[in-house]
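What follows is the residue order along each chain.
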Protein chains: 2
Amino acid sequence: MPLIFWLVPIGAVLALSFAYIFFKQMMKHDEGTDTMKKIAAHVRKGASAYLRQQYKVVIIVFVIITIIFSILAYGLGIQNPWVPFAFITGGAFSGLAGFFGMKAATFASARVANACRTSLNAGLRLAFRSGAVMGLVVVGLVLLDISIWFLVLDHFIPEMAGGYKLMTISAVMLTFGMGASTQALFARVGGGIYTKAADVGADLVGKVEANIPEDDPRNPATIADNVGDNVGDVAGMGADLFESFAASILASALLGAAAYMKDSALQFNAVIAPMVIAAIGTMLSILGVFMVRTKEGATQKQLLKSLGLGVNISAVLIVIASYLVLHFLGLPVGLWGSIVIGLAAGIGIGQSTEYFTASAYKPTQKIAASSSTGPATVIISGVGTGLISAAVPLGIIVVAITLAFGFASNFVFNASNLNIGLYGIGIAAVGMLSTLGITLATDAYGPIADNAGGNAEMSKLGPEVRKRTDALDALGNTTAATGKGFAIGSAALTALALLASYFEEIRMMFVKFLDKPLELINGTPAIDAQFIDFVHHYDIHLMNPIVIVGIFLGVMAVFLFSGMTMNAVGRAAQKMVDEVRRQFKTIPGIMEGTAEPDYAKCVEISTKGAQKEMLAPSLIALLIPVVVGLVFGVAGIAGLLIGTISSGFALAIFMANAGGAWDNAKKYVEEGHYGGKGSDNHKATVIGDTVGDPFKDTSGPSLNILIKLMVMASVVTVGVAVSYHLL
Amino acid sequence: MPLIFWLVPIGAVLALSFAYIFFKQMMKHDEGTDTMKKIAAHVRKGASAYLRQQYKVVIIVFVIITIIFSILAYGLGIQNPWVPFAFITGGAFSGLAGFFGMKAATFASARVANACRTSLNAGLRLAFRSGAVMGLVVVGLVLLDISIWFLVLDHFIPEMAGGYKLMTISAVMLTFGMGASTQALFARVGGGIYTKAADVGADLVGKVEANIPEDDPRNPATIADNVGDNVGDVAGMGADLFESFAASILASALLGAAAYMKDSALQFNAVIAPMVIAAIGTMLSILGVFMVRTKEGATQKQLLKSLGLGVNISAVLIVIASYLVLHFLGLPVGLWGSIVIGLAAGIGIGQSTEYFTASAYKPTQKIAASSSTGPATVIISGVGTGLISAAVPLGIIVVAITLAFGFASNFVFNASNLNIGLYGIGIAAVGMLSTLGITLATDAYGPIADNAGGNAEMSKLGPEVRKRTDALDALGNTTAATGKGFAIGSAALTALALLASYFEEIRMMFVKFLDKPLELINGTPAIDAQFIDFVHHYDIHLMNPIVIVGIFLGVMAVFLFSGMTMNAVGRAAQKMVDEVRRQFKTIPGIMEGTAEPDYAKCVEISTKGAQKEMLAPSLIALLIPVVVGLVFGVAGIAGLLIGTISSGFALAIFMANAGGAWDNAKKYVEEGHYGGKGSDNHKATVIGDTVGDPFKDTSGPSLNILIKLMVMASVVTVGVAVSYHLL
């Protein structure tokens, strides 16, 4: 193994070590008063209970899928025998990352609130470093798993002529992504339903009916609401990006292996390049984490700047480092353009999210203004703005695909450049995600700050403390919005890289099937001829009605899945409303604050509701690609995947941005515009905010998983669709 | 010309004659009291003023496009010289159909209200026959234009070897559809914005602020609201289906010409088959119109049954007739399966729309139930239900495409059967639309009944009259919902047929370009080889990043366009709100009913608002395909179109069904459920209804046009994308 590869395990160990150090440092801080400790313990207990429950379901699903994979591998012989194991480790590592990240977050919240009693800077640093635990655990575990598997498979899989060894290795490693994807599905869908059932339920009875403020300890659903932030925004977001990070690296490795079949030295370098870049990006992220600090009395702008500084330093350094890596590995310098494009696209999508959802800009202000004519116009203008806002990231992705392919292929868009061009798209996704260690830290920071605020509110800390936690929380809302945009953008680019690797896998199978190994055919025209054979054999062109049917089915899956998650929140929230109403009625002294509400019951209801409601949409996501493959074959799958990715991406952005804009339009009114708090305008925007909750935190983010999982499931079961199909 | 072709002009003349007869019969009825006459005159004047204004804009756009087409044809020589003329007649005939249909509707409303003073049966028959004027004018003018052009082009275009003459004729005739499409764009978008700006504006001030009922003559926006029903639901819907009817026939003719290049006798028959089937369907529709009657005191179910009887008789007879036509023309009997599938799919989509939007079924009742927790949950559950509801028509279209192609190709899905299979898809669209004469009559009946009710309300007619108009109106709401589903379904199937003809046109150009005329190559493998060349030359396969980019751009166009139309309604409604508030403030005696509000001013505001707001989205719809063609070429266009059709169809269904369900959830509460009128639950559902207005009547239906127009524009400018493109 060449020396440069060892950067990957080193990056893994460094990330995990710093995560451990930050965790230990955080644990040394005091949790504050007894009330603060008690509330934090409630939230911690609820979150752990939820995670335990969810992992039980996930384990059952994993057992079933592993059995199916074993049958495919050992019974039917249409899958590599390593697949079941790679699948299990992917799921297990993703689950571990979620577990550690959430532990850190739930231990941190009271400590951050307590640190805010000292100073804003102390609070910010503690919250951010606790978020960094999550960020670093995620990237560290991904790199660790990749390192181990690459070394193991390189050792056990025998040499094959014509570059087939590395193709096989990277194809097996992709199934590691399938494990991560499956675990992420339940984390995102279950967590998303949990958090919004609790939030919507708490708001509908607490704010609207009982007229008590948010995070009021008298509200029985308030602990469940805080638990929800952790299981949805920390564990769910972590699992989501764990998968994007893993899948982008692994898909690029496979695309690299396919692009350089004829040159074994370059092929090896092309396979390890994405891993090395991700590892260096991780080290630079650790550096960036240390850059984040602020001075007392900082404005929100200054706070945002200090977070941005860390991210930007990491980003600039990775641009330089990736050039050196490509140069060292002897890969075309055009690929560097693809990496930069990927990074820029990620930043661009984040920026557009901010523009469409922050109250500093026109779109959100217009939504706030429309509250003068009541809630209906607030909803209409939020939907209108959300739909328009989807066009910008779609445009960015279009430019990114074109340029990433273009740079890699010297802007010659034809079949002979297809392999290297698709590798460029994969590498762009790696570029976008290279600084995930620190980006994810800023994401996880949000719910930690939010929970710290909740803890301060419930523990009745002084106004100067709450002002500080409010400042941290407001900042968290901004990073959450850009983080969501980034998560969706990276999901789309990752899914496209996965789609490309799906095609490459099929092409390899097809070439093998025809008994025409690639190395026997030299030069461009030969590859072209093979390629035409392939396209024709599987008819994956747009004149084939099966492809069109597949595209329609992909769009159908997206709409069905979002509708189901949306309705799931409605039903689960309804149960929460009933329970809160029951407690207000039956527990005497609850409104006077003399009796404690039954928090645990609400936590239990959210947990059960989420577990029950997540099953149907999750099964659909897992089954559709398999069923479509069995009925319509590869052509149907090809259409299905691009239909899902394109429409799922657009719908996810629409939902996330509309939800974010409604949230901030409400805050804009609360700041004193259009009548301020308590006015009719405010009530209208509160309705918008509540509608936006499942948009931005359940259905929208769940689509990230759907678009990646459908491709993953197709990649892993490719042998099935090739061997058996009806039409 | 063979005898059977003459059925087409005969069908045209019969349809137009009966339209004229029904119109004359309707005009003989009395308009009722002076107040009734005055109100009807107000509405008529407003509607005519709007149409005049809109046609001015349309004429300017037509002049510009005609100049561009002339340059392409006479300057650059990359377009057939007949194209500019075919384009103009398409637009002119569509405009005429809208004009006559709206005239009939606006003359009918007071007469229907007056007929209801006699009996329910008199009211129903008059309203329905007035709607039939619209239905028959639309199908009559389409058939007339097709007859004339086919005879003219057959005479002037010289014989060419290898079936190229009929290919050329049908390609030129398709541009007739482009004219219809462009005029429909402005009719749907402008009419949609008009009607909902007036409706939302009237409701927000009238119902919510001033607390006066709908259609109250004291509301200054009430006339504009009634005008809106005519310009949106009559003229807009008519132009929409005019285009679907024309385009499905013409696309099928082209697909038929392409499928039988090698057999000139069969080729001719395949080209005229869709025209003949449409003509016979028209005659059977006239027969169906005469079947519609009811007895006094009929329940809504009986009313619905009597309308359904007419439609069903026509449908059953066309199934039999089309078998005979295919048999007589010597075409494969498998195509009959495609026709039946098309008809069945239309009915299925209509039924699913009814299930998801009628208050008799669970989905709408659940939305009504969610009003117990306020407007936010009403919106959430409406969005959830709407998203899920899109899955059903998508599934139906998937089955319809598969079976229509399958029946035509004996279920052999490969490249050699591509042409006949695609012809099957075209023929299925013709089948779905064959009974449009009567289906459109039931659609146009809705706004006529609605306006009759408005007239009765404003003219303060007795309660027994209003009960009758209410019964007619309630029926109209159901037919409007299924009509919307049918319009979207037929738009999707028509767009797919157009997409297939786009590919056939390109293939022809490509074959010509290679100087390998088809007739020189006999047998299946030869076509296959050519076909592979074609696919490869333009790279319209899913591994090409340009195709993927195109698909993303297609989805982007859909989201941008819907967001813009949605926001347009918001802005235009805001102006209406301001005006109504101003009148309430400045006109003394308006609330006491002693002074008349300034209706004309509100009509003017809606007219101006609609004209101004329709431009930006319309330009986007026209420009995107051209720009994408110039940058990305045919591969980009291919992706663009399928991206637009698939996601546009899904979004259109989502919006139409969510809007319809909210509307009926409100009515369900008004019927006395969950507290009935005036309760908090009712207020929550009123908010849902208002949100749903632009969903179901502006953005949703406008997407029908977008998906057809984008394909049309690409078909017509195919020479440009082939000759000039950047990548």
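Residues numbered from 1 in each chain as written. Chains lettered and ligands numbered in written order. Predicted model: local features only at pLDDT ≥ 70, side-chain atom pairs only at ≥ 80, totals over all residues. Heavy atoms only, no water.

A. Quick look at the overall build of chain A. Broken down by element type, chain A carries 19 helices and 0 strands. For 727 residues, the compact-globule estimate of 2.2 N^0.38 gives 27 Å, and the C-alpha radius of gyration of chain A, at 25 Å, lies within 12% of that figure. Over its C-alpha atoms, taken along the principal directions, chain A stretches across nearly 85 × 50 × 45 Å. Going through the 727 residues of chain A one by one, you find that 69% of them count as buried. Looking at chain A alone, contacts between residues at least 24 apart form 83% of all its contacts between residues at least 6 apart. For chain A, the accessible area works out to roughly 21800 Å², and carbon and sulfur atoms hold 65% of it. For chain A, the centre of its 47 positive side-chain charges and the centre of its 47 negative side-chain charges are spaced 5 Å apart. (Helix = DSSP H or I, 4+ residues; strand = E, 2+ residues; numbered from the N terminus. Rg over C-alpha atoms; globule rule 2.2 N^0.38 Å. Buried < 20%, exposed > 50% of the residue type's maximum accessible area, 1.4 Å probe, protein only. Contact = heavy atoms within 4.5 Å. Areas by Shrake-Rupley, 256 points an atom, 1.4 Å probe, with all protein chains shown as cover. Lys, Arg positive; Asp, Glu negative; His and termini not counted. Charge placed at Lys NZ, Arg CZ, Asp CG, Glu CD.)

B. Geometry of unusual backbone geometry. A positive phi angle, close to 50 degrees, is found at Tyr674(A), a residue other than glycine. Inspection of the secondary structure puts Tyr674(A) in the loop between helix 17 (599–670) and helix 18 (680–716).

C. Examining the relation of the copies chain B and chain A more closely. When chain B is brought onto chain A, the operation consists of a screw motion whose angular component is 180 degrees and whose axial shift is 0.0 Å, with 0.0 Å RMSD remaining. Here the copies are linked by what is in effect a two-fold axis. Minimal C-alpha separation from the rotation axis in chain B is found for His541(B), amounting to 1.9 Å. Same-surface contact between copies: 100% of interface residues of chain B are shared with the interface of chain A. (Least-squares fit on C-alpha atoms with pLDDT ≥ 70 in both.)

D. Expanded view of the side chain of Lys484(A). Residues and elements named next belong to chain A. Checked against the element boundaries, Lys484 lands in helix 14 (residues 463–513). Classification of Lys484 as buried rests on a relative accessible area of 15%. Apart from residues no more than four positions distant in its own chain, Lys484 is found in contact with Met237, Lys696 and Asp697.

E. Expanded view of the pattern of salt bridges. All names here are of chain A. Counted under the stated rule, the structure contains 46 salt bridges over all chains. Taking the shortest distance from any N to any O, the salt bridge between Lys696 and Asp693 comes out at 3.1 Å. One end of the pair is Lys696 and the other is Asp693, both in helix 18 and 3 residues apart, which spans about a single turn. Here the two residues Lys696 and Asp693 agree in accessibility, since each one is buried. Salt bridges here are not isolated pairs; linked through shared partners, they connect Lys196, Asp199, Lys484, Asp663, Lys667, Asp693, Lys696 and Asp697. (Salt bridge = Lys/Arg side-chain N within 4 Å of Asp/Glu carboxyl O.)

F. Summary view of the packing of aromatic side chains. Counted according to the given criterion, the structure contains 44 aromatic pairs over all chains. When the centroid spacing of 5.2 Å and the interplanar angle of 75 degrees are considered together, the rings of Tyr323(B) and Trp336(B) count as edge-to-face. Taken as a pair, Tyr323(B) in helix 8 (residues 300–329) and Trp336(B) in helix 9 (residues 334–357) lie far apart in primary sequence, 13 residues in all. Here Tyr323(B) falls in the partly exposed class, since its relative accessible area comes to 35%. Taking relative accessible area as the criterion, Trp336(B) reaches 29% and is therefore assigned partly exposed. Aromatic rings pair up to connect Phe5(A), Trp6(A), Phe150(A) and Phe268(A) into one cluster. (Phe/Tyr/Trp six-rings, centres within 6.5 Å; stacked < 30°, edge-to-face > 60°.)

G. Highlighting a nonpolar patch on the surface. Residues and elements named next belong to chain B. On the surface, Leu287, Met291, Leu309, Val316, Leu317, Ile320, Tyr323, Leu324 and Val333 cluster together into a nonpolar patch covering about 760 Å² of accessible area. Counting only elements with at least two residues in the nonpolar patch, the list comes to helix 7 (264–291) and helix 8. A per-element tally of the nonpolar patch places helix 8 first, with 6 residues. As for its placement among the helices and strands, Leu287 is situated in helix 7. A relative accessible area of 39% means that Leu287 is categorised as partly exposed. (Patch = residues over 30% accessible without salt bridge, like charges linked within 9 Å, V, L, I, M, F, W, Y side chains within 5 Å.)

H. Local environment of the interface of chain B and chain A. Facing 83 residues of chain B, the contacting portion of chain A comprises 83 residues. Both faces considered, chain B and chain A share a buried interface measuring about 6800 Å² in area, 86% of it formed by carbon and sulfur atoms. Applying the counting rule to chain B against chain A returns 0 salt bridges. Linking chain B with chain A are 2 residue pairs in polar contact (both at pLDDT 80 or more), by the criterion used here. (Buried area = accessible area lost by both parts, 1.4 Å probe. Polar contact = N/O pair within 3.5 Å; in protein donor to acceptor, adjacent residues only side chain to side chain.)

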